[in-house]
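Residue-level structural notes
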Amino acid sequence: MDKKAWIHQLKKQVTERGESKASWYVDWIDPSGKRCRKSCGPGLVGKSAAQTLADKIHSELVTGAYLANERVTWDQFYQRYQQHLERYELSSKMAAELSIGTFVRIINPKRMGNIDTSTIDQFIGKRLQETRQRLDANKQPVKVSQATVNRELRYVKQAMRLALDWGFIDKVPRMRFLKPQKKLPTYVTPEDFAAIYQACEVATMPSGIPNVSPADWWRGLLVFLYMTGWRIGQTLELKRDDINLEAGTALTRAESNKGRRDQQIPLHTLVIDHVRPLMASFNTRVFPWDYDNRTLWTEFGRIQATATRQDGKPMPKGGKHGGWYGFHDLRRGFATLNAGTMNLFQLQSLMQHQSLETTKGYVAMSAQLNGVVSGLFVPALHEVNKTG
């Protein structure tokens, strides 16, 4: 069978530059009869890339799978993209689908070949004019942040790179990421943590757990989060069998953490003291929560609303956008207050970060806040009367 795609060098380039510096090209005739050509670079690397591309195009032409880039629709690409997302863990898959869904809602792309830098700039401009489904402390709509747009752009760029690999586009459009003003992320301060810990007395949920009061459940959860830096999702999935009270360790499993690996994490004695009473419930999970997730956040906010500081004044809202703290603020508190006492790799291991760059951000934040402490930070809870 004759080759449907072939490689060659241009005689003019060989004469002017020499054979080693002349680019290798792939030529082929598409189904419409149009002559197509693509450069793959010079040297052995270019020749190898050209041969690989020629074989791919030949196969597509023979089997009828060939699609000219200018005729590939967004729907054709997205069908394959969704299949690709199936290999992602659930949280990453949902984040990708949400970001790409936002891009589609704003741009409504039809053909892959029409997506260029101006398309991306249009998306950025329109997205920044939108507001989120929440109000700030002054009851005003909160505009979509530059950080949110950048996160969505990263997923769009990832999708465009896949489109390039699959031959749906000729190049990835340039994306001008925004440079938001650097603000110190919110985190739960030691004073506020002690106030929240005391306020757990008002908790009414979760109820019905044998041998465990709602206050003890919440104190155990909050101390665990603040003293380990774990994410709320993986903490709620922690099973009794993954806790070893004698060894003082907890097993975080690959399917529930972003590091995608099983890892034994040492626990501080304060954490052990708060987890031990919860084990008396004989539930399969250490922190069972048999309600919807929104109720969890609502109860956490209600606890904070009753919290008072040592001077007797109500604890002000210290979270993002003037709201109550979120569970991730406890994780940031762990990182910020301990970054000055560990090396980078120790902190990365405890935080279970995939990227060391993420850990470096917490170290930089810690330096700005002068959060250096002696040994692992322990919140001052000795003045708090626990229930049970």
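**Describing unusual backbone geometry**
- Residue Pro206 is reached from Met205 by a cis peptide bond, and omega for that bond is 0°.
- With respect to the helices and strands, Pro206 occurs in the loop between helix H7 (190-199) and helix H8 (214-228).
- A positive phi angle, close to 55°, is found at Asn108, a residue other than glycine.
- With respect to the helices and strands, the residue Asn108 is situated in the loop between helix H4 (90-107) and helix H5 (117-128).
- One non-glycine residue with positive phi stands out, namely Asn211, at about 70°.

**A word on the nonpolar core**
- Judged by nonpolar contacts, the single largest core of 48 residues is most densely connected at Trp217, Trp218 and Ile243.
- Every element with two or more residues in this core is listed here: H7, H8, helix H9 (232-236), helix H10 (269-275), helix H11 (293-305) and helix H12 (327-338).
- Top contributing element to this core by residue count: H8, with 9 residues.
- Aside from chain neighbours lying at most four places away, what touches Ile243 is Phe224, Leu238, Thr249, Ala250, Leu267, Val275, Met279 and Val286.
- Of all hydrophobic cores here, the second largest spans 30 residues; its members include Ile100, Val144, Trp166 and Ile169.

**Overview of the packing of aromatic side chains**
- All chains considered together, the criterion is met by 22 aromatic pairs.
- What links up through ring pairs into an aromatic cluster is the set Trp217, Trp218, Phe224, Trp230, Phe287, Trp289, Tyr291, Trp297, Phe300 and Phe327.
- When the ring centre of Tyr25 is taken as reference, the NZ or CZ atom of Arg37 above it lies at 5.8 Å.

**Focus on the confidence of the model for the protein**
- Averaged over the protein, the pLDDT score is 84; the fraction of residues at 70 or greater is 81%.
- In this model, residues 368-376 is a region of pLDDT below 50 whose contacts with residues beyond four sequence positions or in other chains number 18 contacts.
- Note that pLDDT drops below 50 for residues 382-388; the model gives that stretch 20 contacts with residues more than four away or on any other chain.

**As for the sheet that holds strand S7 (residues 249-252)**
- Pairing is antiparallel in the open sheet, where 3 strands are placed in the order S6-S7-S8. This sheet does not close on itself; its edge strands, each paired only once, are strand S6 (243-244) and strand S8 (263-266).

**Considering the sheet that holds strand S3 (residues 35-42)**
- If you trace the 3 strands from one edge of the open sheet to the other, you get S1-S2-S3, paired in antiparallel fashion. Each end of this open sheet is capped by a strand with a single partner; those strands are strand S1 (5-9) and S3. Averaged over all pairs of adjacent strands, the angle between their axes in this sheet comes to 25°, without regard to strand direction.
- Bridge analysis of S1 against strand S2 (residues 23-29) gives 5 bridges, and the strand direction is antiparallel. In the strand pairing of S2, Gln9 is matched with Trp24.
- Across the sheet, helix H2 (residues 43-63) touches S1, S2 and S3, and the angle it forms with S3 is around 150°.

**As for the pattern of salt bridges**
- Going through the model one piece at a time under the given rule, you end up with 13 salt bridges.
- Of the charged contacts in the structure, one is a salt bridge between Arg309 and Asp192, with a shortest N-O distance of 2.9 Å. Note that Arg309 is positioned in the loop between H11 and H12 and Asp192 in helix H7, a separation of 117 residues in sequence.
- The class for Asp192 is buried, based on a relative accessible area of 2%.

**With respect to helix H3 (residues 74-85)**
- In a regular helix each residue adds 1.5 Å, so 12 residues correspond to 16 Å; H3 covers 16 Å between its end C-alpha atoms and thus fits that length.
- Taken together, the buried positions of H3 are Trp74, Phe77, Tyr81, His84 and Leu85. Axial view of H3: buried residues confined to an arc of 90°, hence all on one face. Turned more than 90 degrees off the buried face of H3, the exposed positions are Asp75, Gln79 and Gln83.
- On the buried face of H3, the contacting elements are H4 and helix H6 (146-165).

**Some remarks on the pairing of S8**
- Only one face of S8 is covered, namely the one carrying Gln263 and Ile265; the face carrying Gln264 and Pro266 has none of its residues buried.
- As paired strands, S7 and S8 are joined by 4 bridges and run antiparallel to one another. Paired with Thr252 across the bridge in S8 is Gln263.

**Comments concerning the packing of H7 against H8**
- It is the contact of H7 with H8, at a shortest axis distance of 10 Å, that shows an interaxial angle of 160°. Of the possible angle classes, the one that applies to H7 and H8 is roughly antiparallel. Remark: the crossing between H7 and H8 carries left-handed chirality. Residues Pro190, Phe193, Ile196, Tyr197 and Gln198 of H7 pack against Arg219, Leu222, Val223 and Tyr226 of H8.
- Taken together, the residues of the contact of H7 with H8 break down into 7 nonpolar, 1 polar and 1 charged.

Scoring rules and cut-offs
Residues numbered from 1 in each chain as written. Predicted model: local features only at pLDDT ≥ 70, side-chain atom pairs only at ≥ 80, totals over all residues. Heavy atoms only, no water. Helix = DSSP H or I, 4+ residues; strand = E, 2+ residues; numbered from the N terminus. Core = buried A, V, L, I, M, F, W, Y, C linked by side-chain atoms within 4.5 Å. Buried < 20%, exposed > 50% of the residue type's maximum accessible area, 1.4 Å probe, protein only. Contact = heavy atoms within 4.5 Å. Phe/Tyr/Trp six-rings, centres within 6.5 Å; stacked < 30°, edge-to-face > 60°. Lys NZ or Arg CZ within 6 Å of the ring centre and 35° of its normal. pLDDT = per-residue confidence, 0-100. Pairing = 2+ DSSP bridges. Axes fitted to C-alpha atoms, helices over the stretch in contact; angles between N-to-C directions. Salt bridge = Lys/Arg side-chain N within 4 Å of Asp/Glu carboxyl O. Expected span 1.5 Å × (residues − 1). Arc of directions from axis to C-beta. Parallel < 35°, antiparallel > 145°, perpendicular 65-115°, else oblique. Left-handed = near helix turned anticlockwise from the far one by under 90°. Nonpolar A, V, L, I, M, F, W, Y, C, P; charged D, E, K, R; others polar.

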